[in-house]
Structures are given as C-alpha cells and as structure tokens.
Amino acid sequence: KRFIAMLKKISHIGIAVTSIDEATPFYRDVLGLEFEGVEVVAEQKVKVAFFVVGESRIELLEPTAVDSPVARFLEKNGPGVHHVAYEVADLEQRLKQFKAEGVRLIDESPRMGAHKTQIAFVHPKASGRVLTELCQPGKH
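Notes on the structure in this doc start here. Since the model is a prediction, treat every value here as computed from it, not as a measurement. Throughout, residues of each chain are indexed from 1 in the direction in which the sequence is written. Reporting of local features is limited, given that this is a predicted model, to residues whose pLDDT is at least 70; pairs of side-chain atoms are given and counted only at 80 or more, and all residues count toward the totals for whole chains, interfaces and linings. Note that the side-chain values use all heavy atoms of the structure and ignore hydrogens as well as water.

### Some thoughts on the pattern of salt bridges
Next up, step 1: Just to be clear on terms, a salt bridge is a Lys or Arg side-chain nitrogen sitting within 4 Å of an Asp or Glu carboxyl oxygen. All chains considered together, the criterion is met by 8 salt bridges.
Next up, step 2: We note a salt bridge from Glu108 to Lys99, for which the minimum N-O separation is 2.8 Å.
Next up, step 3: Burial classification: accessible surface area is computed with a 1.4 Å probe over protein chains only, and a residue below 20% of its type maximum counts as buried, one above 50% as exposed, and the rest as partly exposed. By relative accessible area, Glu108 is classed as exposed at 52%.
Next up, step 4: Each member of the salt-bridge network shares a partner with another, and the members are Lys8, Lys9 and Glu87.

### Notes on a positive patch on the surface
Next up, step 1: Patches were defined on residues exceeding 30% relative accessible area and lacking a salt bridge, with like-charge contacts within 9 Å and nonpolar side-chain contacts (Val, Leu, Ile, Met, Phe, Trp, Tyr) within 5 Å. What sets the accessible areas is the Shrake-Rupley method with a 1.4 Å probe; for residues, cover comes only from the shown protein chains. Positive residues here are Lys and Arg, negative ones are Asp and Glu, while His and the chain termini are left out of the count. For the purpose of locating charges, the reference atoms are NZ of Lys, CZ of Arg, CG of Asp and CD of Glu. Together, Lys76, Arg104, Lys125 and Arg129 make up a region of like positive charge exposed at the surface.
Next up, step 2: Judged by relative accessible area, which is 72%, Lys76 ranks as exposed.

### Observations regarding the side chain of Glu87
Next up, step 1: Every helix listed is a DSSP run of H or I at least four residues long, and every strand listed is a run of E at least two residues long, numbered separately from the N terminus. By secondary structure assignment, the location of Glu87 is in strand 5 (residues 80–88).
Next up, step 2: A residue is classified by how much of its surface remains accessible, and Glu87, at 13% relative accessible area, is buried.
Next up, step 3: What Glu87 contacts, discounting residues up to four positions off in sequence, is Met6, Leu7, Lys8, Lys9, Ser11, Cys135 and Pro137. In this description, contact between two residues means that some pair of their heavy atoms is separated by no more than 4.5 Å.

### Description of the pairing of strand 2 (residues 34–41)
Next up, step 1: In this scheme, strands are said to pair when DSSP sees at least two bridges between them. Relative to strand 3 (residues 46–53), strand 2 runs antiparallel, the two being bridged by 7 bridges. Paired with Val40 across the two strands is Lys47, which belongs to strand 3.
Next up, step 2: What sits between the antiparallel neighbours strand 2 and strand 3 is a turn of 4 residues, in which Lys45 has the positive phi angle 55°.

### Digging into the sheet that holds strand 4 (residues 56–63)
Next up, step 1: Judged by pairing direction, the sheet is mixed, and its 8 strands sit side by side in the order 2-3-4-1-5-8-7-6 without closing on themselves. Whereas interior strands pair on both sides, the edge strands pair on one side only; in this sheet they are strand 2 and strand 6 (111–112).
Next up, step 2: As judged from the 4 bridges shared by strand 5 and strand 8 (residues 132–136), these two strands associate in the parallel manner. By the bridge assignment, Tyr86 is partnered in strand 8 with Leu134.

### Remarks on the side chain of Glu62
Next up, step 1: Tracing the backbone through its elements, the reader meets Glu62 in strand 4.
Next up, step 2: Within 3.5 Å is the distance limit for a polar contact, defined as a pair of N or O atoms, with the added protein rule that one can donate a hydrogen and the other accept it, and that residues adjacent in sequence qualify only through two side-chain atoms. Within the local environment of Glu62, its side chain forms a polar contact with the backbone nitrogen of Ile20, the two atoms lying 2.7 Å apart.
Next up, step 3: Contact partners of Glu62, with chain neighbours within four places excluded, come to Val17, Thr18, Ser19, Ile20, Asp21, Val46 and Lys47.

### Observations concerning the environment of Arg104
Next up, step 1: With respect to the helices and strands, Arg104 occurs in the loop between helix 3 (91–100) and strand 6.
Next up, step 2: Judged by its relative accessible area of 44%, Arg104 falls in the partly exposed class.
Next up, step 3: Along the backbone, Arg104 and Ala126 are 22 residues apart, and their C-alpha atoms lie at a distance of 5.6 Å.
Next up, step 4: Residues contacting Arg104, with those up to four places away along its chain left out, are Val122, His123, Lys125 and Ala126.

Below is the structure:
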C-alpha cells in the first residue's frame, strides 16, 4: 500500500514487435491513436514508436541488434506485451526505497530512455513475472 502514492500514472505499455513499420498501421489507422514518431535508443539496442492514448502511451519496441533484450524477448515469447511503465516523481528515491525494502531490481540507478526520460526496471521475479519500468520524465 505504501508504494501506491508514489506512482503518478501509467506512463506507457511497451509492446515488443518484429517490425514497427508493419505494426504501426494497426495502432495509427485502426485504433486511431496519435503517432508521436520513432526514436532509436542505442543503449537499449531498440527502436521505439510512441502512440498517445489518453494521458498514457503505447510504446512499440523493435530490436536493433540480435543481442538486445527485446530480441531475446521476441525469440522466447514472440510479439506481445513486454512491460508496463509507471511514472514517478523521484526515480532515484524510489529505487533507494525499493532496494531498502528488498525488492529485486534490474537497475539500481536510473539510465536514459526515450524522450530524455530516466528509466529503471524492477526484476520480473519481484512483480509476478511482469517486467515493470519506473520512469521520470526529462526536462524538454
């Protein structure tokens, strides 16, 4: 219960795809979501496309290298939901709090994600096998 207040909203839902170009027409044309564009996140070895839905987004993730985490996910699971991302106000503080509580983390300190956002992942073994991302928007 004590963690609920620190989450501001669902930032986005990440969906692993083999091709952003092939997946885009469904989200843009069929669902009618606003397409925000494509960005390469070199550190994560992934290309991302964002679509606006209300105050949240759908993030399509396409691997840019065979050894990327998303490529491994696709190999193991096929296309589908990859992670749920929650926006937080103070990512470093949240990570310190999680670590102090014994929550298993993939990232113990923030790293850069798309749109100048700081991100960190909670290990799926700590969250019922759901890869959980915490993100803090960057200053544009």
